[in-house]
Amino acid sequence: MKIDFLYLNEEDMIDAGVLDAAGCVEAMRETMSLFGKHDFLLGGPKADEHGLQVNFPAKSDIEGFPLDDGPDRRFNAMPAYLGGKYHIAGQKFYGSNNHNLQIGLPRSILMVTLNDVMTGAPVAYMSANLLSAMRTGAMPAMAASYLANKDSKVISLIGPGVINKCAFMCYMAVMPEIDTVKIKGSTPTSKSAMAMKQYIEENYPQIKNIIICSTLKEACEGADIVSEAMSVTKQDMEEFKPDWFKKGAAVFSMGSFFVKEYDKLLNTTMVVDNYGMYEKYMKNFIARGPVDELGNKREWCIMGMHFIHLVNSEKAPRENVINLSDIVNGISAGRKSKDEIVMCSIGGMPLEDLSWGYECYQKAKEKGIGTTLKLWDEPYMK
């Protein structure tokens, strides 16, 4: 039996609508609805694995062996199945190396494969840097449609890189009242902060004020929506203080949210995309021990892990950490009052890559985009 599959390069993906912010938000809404209905599979015995990660050693006796010689050096494979209208299997794979930036490449280079559920045959193989960034940014924007005050006007972008750029596109699709943007980069004059400011000025004339912030505190204070998407090494992490956030703020974390005043989170509404995934993160963290190989104390820096810590230490009941999927499916309320502070942890799952990849694949087929490649006419061996 002949098997062909569709190859979509980055230009093809753009033509297929990968940057459609409103469409991506709706795909994430459907994805989380299916997640809440358990119509999915992830890796691991409990189907809650973010993926399988290959970490490189600090040193090796083998000549030429790849080493952990910089931040974000890893390989990740993220398999999944998503049901509903998608009914598709697949995987996102990426290699990450911060040294890529020195040679004009993105830190991570990503590809997504879509596979037939019954046979496992490839259906599509696609460039996924934009796909992954858009689905990551669309998730907090989708959550904001339930968790942010509808009249939110001030948004703070902490970490003005690609992820928050895509997130901003998606926030603007669901929160049209926003007219002020605060930007926090590594420094007030960072290239990424200036680039974000220019991008907003050129594409969103409804934004009246753009404020470049010097400190994390300045970025958090007064914001109706805080969107965190930092990519920093652990030694460069800044500490968030829960007291910085105004009444009614909605805080969305996609990267590093380092706090020490855990107990103050008990006064907020805590929301997660996948509770089991953060449980697994915490188990892995504990298994690795309290100090690193240099004897330094280890700290977790993921918002959802703070929530797990509060539940495990019996300071908060499990039901106080709300599943985003339950909010989408109408089982739990979203924002219940104008003054409550909402903390929402978005860790990301390959389910999101599959749904948005599938939507782009369907659009590509409709428009005749992409290159058909042959796997075989008949398999050489059966």
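Higher on the page you've got the structure.
Residues numbered from 1 in each chain as written. Predicted model: local features only at pLDDT ≥ 70, side-chain atom pairs only at ≥ 80, totals over all residues. Heavy atoms only, no water.

Some words on the side chain of Lys-182
So the rule is basically this: In this text, helices come from DSSP runs of H or I with a minimum length of four residues, and strands from runs of E with a minimum of two, each type numbered from the N-terminal end. Per-residue accessibility, obtained with a 1.4 Å probe over protein chains only, is compared with the maximum for each type, and a residue is labelled buried under 20%, exposed over 50%, and partly exposed between these values. Charged residues are defined narrowly, with Lys and Arg counted positive, Asp and Glu counted negative, and His plus the chain ends left uncounted. Salt bridges are counted wherever a side-chain nitrogen of Lys or Arg sits within 4 Å of a carboxyl oxygen of Asp or Glu. As used in this structure description, the phrase polar contact means that two N or O atoms lie within 3.5 Å; if the pair is within protein, one of them must be able to donate a hydrogen and the other to accept it, and residues adjacent in sequence are counted only when both atoms belong to side chains. Contact criterion: two residues are considered in contact whenever any of their non-hydrogen atoms come within 4.5 Å of each other.
Within the secondary structure, Lys-182 sits in strand β9 (residues 180-184). We note that Lys-182 is buried and unpaired, the nearest opposite charge coming from Glu-218 at a distance of 6.0 Å. Within the local environment of Lys-182, its side chain forms a polar contact with the backbone oxygen of Glu-218, the two atoms lying 2.6 Å apart. A polar side-chain atom of Lys-182 sits 2.6 Å from the main-chain carbonyl oxygen of Glu-221. Ignoring anything within four residues of it in the chain, the contact list for Lys-182 reads Val-154, Ile-155, Ser-156, Leu-157, Ile-211, Cys-213, Glu-218, Ala-219 and Glu-221.

A few points about the pattern of salt bridges
Under the defined criterion, the tally for this structure stands at 24 salt bridges. Between Lys-184 and Glu-238 there is a salt bridge whose closest N-O contact spans 3.4 Å. Of the two residues, Lys-184 is situated in strand β9 and Glu-238 in the loop between β11 (225-228) and β12 (250-253); the sequence distance between them amounts to 54 residues. Look at Lys-184 and you get buried, because its relative accessible area is 6%. Residue classification places Glu-238 among the partly exposed positions, given a relative accessible area of 36%.

Some thoughts on the pairing of strand β7 (residues 122-127)
Quick note on the threshold: Pairing between strands is defined by DSSP: at least two bridges between them are needed.
Most of β7 sits inside the fold, with five of its six residues counted as buried. As paired elements, strand β1 (residues 3-8) and β7 share three bridges and run parallel to each other. Bridged to Leu-6 within β7 is Ala-124. Two strands pair when backbone bridges link them, and strand β6 (residues 108-115) and β7 are joined in this way by five bridges, in the antiparallel orientation. By the bridge assignment for β7, Val-112 is matched with Met-126.

Quick word on the nonpolar core
Cut-off, in case you're wondering: Put simply, buried Ala, Val, Leu, Ile, Met, Phe, Trp, Tyr and Cys residues joined by side-chain atoms within 4.5 Å make one nonpolar core.
Of all hydrophobic cores here, the largest spans 116 residues; its most connected members are Ile-200 and Phe-245. Counting residues per element, this core draws most heavily on helix α3 (residues 129-147), at ten residues. Among all residues touching Ile-200, those that are not within four sequence positions of it are Leu-157, Phe-168, Val-181, Ile-183, Ile-207 and Ile-210.

What about the packing of helix α7 (residues 275-287) against helix α8 (residues 303-312)?
Test applied: Fitted lines through C-alpha atoms give the axes, limited to the stretch in contact for helices. The angle between two N-to-C directions lies from 0 to 180 degrees. For classification purposes, angles smaller than 35 degrees are called roughly parallel, those larger than 145 roughly antiparallel, those between 65 and 115 roughly perpendicular, and all remaining angles oblique. In this count, Pro and Cys sit with the nonpolar residues alongside Ala, Val, Leu, Ile, Met, Phe, Trp and Tyr, while Asp, Glu, Lys and Arg are called charged and the others, Gly among them, polar.
Where α7 meets α8, the closest approach of the two axes is 9 Å, and the angle between their N-to-C directions is 80 degrees. Classified by the angle their axes make, α7 and α8 are roughly perpendicular. Residues Tyr-275, Tyr-278, Glu-279, Tyr-281, Met-282 and Phe-285 of α7 form the contact with α8, whose participating residues are Gly-304, Met-305, Ile-308, His-309, Val-311 and Asn-312. Taken together, the residues of the contact of α7 with α8 break down into eight nonpolar, three polar and one charged.

Some thoughts on unusual backbone geometry
Of note, the phi angle at His-38 is positive, near 65 degrees, even though the residue is not glycine. As for its position among the elements, His-38 is in the loop between α2 (21-36) and β2 (40-42). Looking at His-38, the relative accessible area reads 64%, which means it is exposed. At His-87, a position not held by glycine, the phi torsion is positive, near 40 degrees.

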